[in-house]
Amino acid sequence: MGEGEKVKKEALAIIGKFQNLPHLVMFDLDYTLWPFYCECCDEDEKPYLYQDAKGILLAIKEKGIDVATASRSPTPEIAKIFLDKLGISCRGVKNGSD
């Protein structure tokens, strides 16, 4: 079992302890899902997540909970490109200044 699957299994066990689950979980991007500010990156760079982030996201989605993202980044277009590159589909990137 890979590290991502192990994290997903642990996250599912924790989520399974609760009867009432939210309909939506929103994550900030910079220094929450990935360890950088996307405005300091070029869209051609290869983004990466914190080690446990993918497993947690997969567990949340498996439970039927929608995932959304929010960011105060002045470059939401780069954030969207990075999410696409990482294969993360969510309700959208909400820029905090909007």
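Definitions and limits used
- Residues numbered from 1 in each chain as written.
- Predicted model: local features only at pLDDT ≥ 70, side-chain atom pairs only at ≥ 80, totals over all residues.
- Heavy atoms only, no water.
- pLDDT = per-residue confidence, 0-100.
- Helix = DSSP H or I, 4+ residues; strand = E, 2+ residues; numbered from the N terminus.
- Buried < 20%, exposed > 50% of the residue type's maximum accessible area, 1.4 Å probe, protein only.
- Pairing = 2+ DSSP bridges.
- Right-handed = clockwise from strand over helix to strand, strands pointing away.
- Core = buried A, V, L, I, M, F, W, Y, C linked by side-chain atoms within 4.5 Å.
- Contact = heavy atoms within 4.5 Å.
- Polar contact = N/O pair within 3.5 Å; in protein donor to acceptor, adjacent residues only side chain to side chain.

Enquirer: I tried to follow the confidence of the model for the protein chain on my own but got confused; where do I start?
Expert: With 90% of its residues at a pLDDT of 70 or more, the protein chain has an overall mean of 89. For the protein chain, the element scoring lowest by mean pLDDT is strand β3 (residues 93-95), at 54; helix α2 (residues 53-62) scores highest, at 94.

Enquirer: Help me understand the pairing of strand β2 (residues 66-71) in this model?
Expert: Here is the key point about a regular strand: its side chains alternate between the two faces of the sheet. Along β2, five of the six residues are buried, which leaves the element largely enclosed by surrounding structure. As judged from the five bridges shared by strand β1 (residues 24-28) and β2, these two strands associate in the parallel manner. The residue of β2 that forms the bridge with Asp 28 is Ala 70. Once the chain exits β1 it traverses α2 before rejoining the sheet at β2, and the crossover so formed is right-handed.

Enquirer: Help me out: how do you make sense of the nonpolar core in this one?
Expert: The tendency in soluble globular proteins is for nonpolar side chains to be buried side by side. Leu 33, Trp 34, Leu 49 and Phe 82 are the most contacted members of the largest nonpolar core, which totals 23 residues. At the level of secondary structure, the elements contributing two or more residues to this core comprise α1 (3-15), α2 and α3 (76-85). Beyond its immediate stretch of four places on either side in the chain, Phe 82 contacts Trp 34, Phe 36, Cys 38, Cys 41, Asp 42, Glu 43, Glu 45 and Pro 47.

Enquirer: Is there a simple way to explain the environment of Asp 30 in this structure?
Expert: Within the secondary structure layout, Asp 30 lies in the loop between β1 and α2. Here Asp 30 falls in the buried class, since its relative accessible area comes to 10%. Asp 30 sits 42 residues away from Arg 72 along the chain, and the two C-alpha atoms are 8.8 Å apart. Other than its neighbours up to four places away in sequence, Asp 30 contacts Phe 36, Tyr 37, Cys 38, Glu 39, Ser 71 and Ser 73. For Asp 30, the side chain forms a polar contact with the side chain of Trp 34, separated by 2.8 Å.

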